[in-house]
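If you want the building blocks of each chain, they are given just below.
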Amino acid sequence: MPPAQTHVDTLITNAYIVLEASGAGADAQEQALAAGREIDGGWIALDAGRVMSAGPSTQPAPAARRVIDAGGRLVTPGLVNTHHHMYQNLTRAFAPAINGTLFQWLTTLYPRWAALDEESTYLSTYVACAELLISGCTTSSDHMYVHPKPNLIDAQIKATTEIGFRFMANRGSMTRSVEDGGLPPASVVQDEDTILSDSERLISTFHDPAPGAMTRVALAPCSMFSVSESIMRATAELAEKHDVRLHTHLAEDKDEDTYALEVYGRRPVEYFEDVGWATPRSWVAHYVYGNAEENQRLAAAGVSATQCPSSNMILAGDTADAQALRSMGMPVGIGCDGSASSDSANLWMETRGAMLLARYRDGPSAMSAREALSMATNGSAANLGWVQEIGHLHPGACADLVIWESSPLSQAGALTDPVEGWLRSGPASGWYVLVAGNPLVESGELKLRELDDVLPRHAAAAAAMQGLN
């Protein structure tokens, strides 16, 4: 018999620890402390990529090979990004597209994105993950729906694997080009057989359903105005066959209502239901314009949604009523959306944006910092079907966490509630960010070996795509 283990891998001490975000109202912190969801001045032990235990300073902590003194800082579960288009950081703040509507923005940029290849996809994914890590994000999905060349998702997974980032690759698709009444050029769409065959290949090659997985695959036709009805149905059947998640954009723009009624004779949500997507397997991006009855139907069907606050504001659309959807029992997560629309991959900022939008919409008691953090952690984890392992720090959870750092000036006077102070008095970023127990950010610095090489290559690829060479 091997000797009993006497040390855990990592012990974080002297921290205000949020094991699970929950609660609203003036007594939310007091309730969380009493229920053991938060620990003031405690420690948390990590071993073999998992949370082993946590406790207050009055309770003995296990010995550890590595001890991190958090210096009184806030510790939370890693944030989870549920909607992104990472390749779009190659056209970030692209001047010809910055003042258009959603459809104008798309038609301006689709021809640029036709230049995507494995190299530019790898580089944009690497940059996106680095940016997300600094903002406290430890897991991200990505909706890659532009496929002018094969094996682009392979390139993404190469980048996330090298980094050690937890990732859900969304095998997106488009079948309807401009010639077929859609928006994208023919160069970025694919036929249905190619899409389904590659979906099968990616699932068999990369999808890991096992506990603690670092890479999973979901299937994600882009939107009703870019894919055929038949590919929506076939994709839902394929997801059922392989037990993987489904993702798409839904009800994000008023033009979508008009399009759906003209082309399908149904509202977007009715179409979504008719093609077999109203199941607990599905999460939808944005979901702004469903009516009250449709919201109730999707919530009852187990569909979840993700809110992308900055993207909604930059494109000057409405935004999801996240609290109303959550009150119906629908899990609601938070996403960055593509870096060409939100122009940033900062999940702390999106979490703050969700809180501010709710309050702007419904008044000062509409959303607390804990509720916003809950959306960005366990709400987002539910979107990805990963809620048992990520989005919280209870024993057995994946050791994905953030020790937060804010400027001393921004926190001056924030003495009564570190969670509210974290989101109200930012900006905040990761001082330490651990994924599966491995520190990818230490003392505020990214520990990514290839980043210095990736950045100039990314700059060259972005310049070429934008026609600046």
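Residues numbered from 1 in each chain as written. Predicted model: local features only at pLDDT ≥ 70, side-chain atom pairs only at ≥ 80, totals over all residues. Heavy atoms only, no water.

## Concerning the overall build of the protein chain
In terms of helices and strands, the protein chain carries 16 helices and 17 strands. C-alpha extents for the protein chain along the principal axes are approximately 70 × 50 × 45 Å. Burial status across the protein chain gives 58% buried among its 469 residues. Put simply, of all contacts in the protein chain between residues at least 6 apart along the chain, 77% involve residues at least 24 apart. Between the mean site of the 31 positive side-chain charges and the mean site of the 55 negative ones, the protein chain shows a separation of 3 Å. (Helix = DSSP H or I, 4+ residues; strand = E, 2+ residues; numbered from the N terminus. Buried < 20%, exposed > 50% of the residue type's maximum accessible area, 1.4 Å probe, protein only. Contact = heavy atoms within 4.5 Å. Lys, Arg positive; Asp, Glu negative; His and termini not counted. Charge placed at Lys NZ, Arg CZ, Asp CG, Glu CD.)

## Quick look at the pattern of salt bridges
The full count for this structure, using the stated rule, is 28 salt bridges. Between Arg457 and Glu119 there is a salt bridge whose closest N-O contact spans 3.1 Å. Separated by 338 residues along the polypeptide, Arg457 in helix H16 (residues 451-465) and Glu119 in helix H3 (residues 118-134) bring together distant segments of the chain. Among the ionic pairs, Arg281 bridges to Asp243, the shortest N-O distance being 2.9 Å. Here Asp243 lies in the loop between helix H6 (229-242) and strand S10 (246-250) and Arg281 lies in the loop between helix H8 (268-274) and strand S11 (282-286), a separation of 38 residues in the sequence. For Asp243, a relative accessible area of 55% translates into the label exposed. By sharing partners, the salt bridges in this structure join Asp154, Arg171, Asp198 and Arg201 into a single network. (Salt bridge = Lys/Arg side-chain N within 4 Å of Asp/Glu carboxyl O.)

## So, the environment of Asp321
Within the element layout of this structure, Asp321 appears in the loop between helix H10 (309-314) and helix H11 (322-327). You can call Asp321 partly exposed: its relative accessible area is 24%. Put simply, Asp321 and Val288 are 33 residues apart on the chain and 7.3 Å apart in space, counted from C-alpha to C-alpha. When sequence neighbours within four positions are dropped, the list of residues in contact with Asp321 reads Arg361 and Asp362.

## Let's talk about the pairing of S11
Of all the five residues making up S11, five are buried; the element is thus mostly covered by neighbouring parts of the structure. Where S10 and S11 come together, five bridges link them in parallel fashion. Considered in S11, the bridge of His247 is made with Trp283. Relative to strand S12 (residues 304-307), S11 runs parallel, the two sharing three bridges. Each residue of the ladder has a partner; that of Val284, found in S12, is Ala305. At this point the chain moves from S11, through helix H9 (residues 292-301), to the parallel S12, and the crossover so formed is right-handed. (Pairing = 2+ DSSP bridges. Right-handed = clockwise from strand over helix to strand, strands pointing away.)

## A word on helix H2 (residues 102-113)
Over its twelve residues, H2 runs 16 Å from end to end, which matches the ideal 16 Å to within 8%, given 1.5 Å per residue. Within H2, the full set of buried residues consists of Leu102, Phe103, Trp105, Leu106, Leu109, Tyr110 and Trp113. Buried positions in H2, seen along its axis, are confined to an arc of 145° and lie on one side of it. Among the structural elements, helix H7 (254-263) and H16 are those in contact with the buried residues of H2. (Expected span 1.5 Å × (residues − 1). Arc of directions from axis to C-beta.)

## A look at the packing of aromatic side chains
For the structure shown, the criterion picks out eleven aromatic pairs. Ring centres of Tyr87 and Trp113 lie 5.1 Å apart, and the angle between their planes is 85°; this geometry places the pair in the edge-to-face category. One end of the pair, Tyr87, is in the loop between strand S6 (79-81) and H2; the other, Trp113, is in helix H2, and 26 residues separate them in sequence. For Trp113, a relative accessible area of 0% gives the class buried. (Phe/Tyr/Trp six-rings, centres within 6.5 Å; stacked < 30°, edge-to-face > 60°.)

## Some words on the nonpolar core
By size, the foremost hydrophobic cluster in this structure holds 113 residues, and its most contacted members are Leu106, Trp113, Leu133, Tyr145, Val146, Leu250 and Tyr287. Looking at this core element by element, the count peaks at nine residues for H3. Counting 19 residues, the second largest nonpolar core, distinct from the first, contains Ile12, Val51, Ala70 and Val75. (Core = buried A, V, L, I, M, F, W, Y, C linked by side-chain atoms within 4.5 Å.)

## Some thoughts on the packing of H3 against H16
The description of two packed helices rests on the angle between their axes and on the distance between the axes. Where H3 contacts H16, the two axes come as close as 9 Å, and the packing angle between them is 125°. On the basis of their axis angle, the class for H3 and H16 is oblique. Crossing angle aside, the handedness with which H3 passes H16 is left-handed. Counting all contacts with H3, which are made through Glu119, Ser120, Tyr122, Leu123, Ser124, Tyr126, Val127 and Ala130, the residues of H16 involved are Leu451, Val454, Leu455, Arg457, His458 and Ala461. Class assignment for the residues of the contact of H3 with H16 results in nine nonpolar, three polar and two charged. (Axes fitted to C-alpha atoms, helices over the stretch in contact; angles between N-to-C directions. Parallel < 35°, antiparallel > 145°, perpendicular 65-115°, else oblique. Left-handed = near helix turned anticlockwise from the far one by under 90°. Nonpolar A, V, L, I, M, F, W, Y, C, P; charged D, E, K, R; others polar.)

## Description of H6
Look at H6: 20 Å from first C-alpha to last across 14 residues, which is about the 20 Å you get at 1.5 Å a residue. The set of residues buried in H6 consists of Ile231, Met232, Ala234, Thr235, Ala236, Leu238 and Ala239. Check the buried side of H6 and you find it contacts helix H5 (192-206), strand S9 (215-221), S10 and H8. Looking one or two places after H6, you find Asp243, whose phi comes out positive at around 55°.

## Quick word on the packing of helix H12 (residues 347-362) against helix H13 (residues 369-383)
Two elements in contact, H12 and H13, have axes separated by 9 Å at closest approach and are oriented at 130°. The pairing of H12 with H13 is recorded here as oblique in orientation. Remark: the crossing between H12 and H13 carries right-handed chirality. Two secondary-structure elements touch here, H12 through Thr351, Ala354 and Met355 and H13 through Ala369, Ala372, Leu373, Met375 and Ala376. Partitioning the contact of H12 with H13 into residue classes produces seven nonpolar, one polar and no charged.

## Some remarks on unusual backbone geometry
The residue after Gly426, namely Pro427, is reached through a cis peptide bond having omega 5°. Its identity is not glycine, yet Ala48 carries a phi of approximately 55°, on the positive side. Along the polypeptide, Ala48 turns up in the loop between strand S2 (38-47) and strand S3 (50-56). In this structure, Asp337 takes a positive phi of about 65° despite not being glycine.

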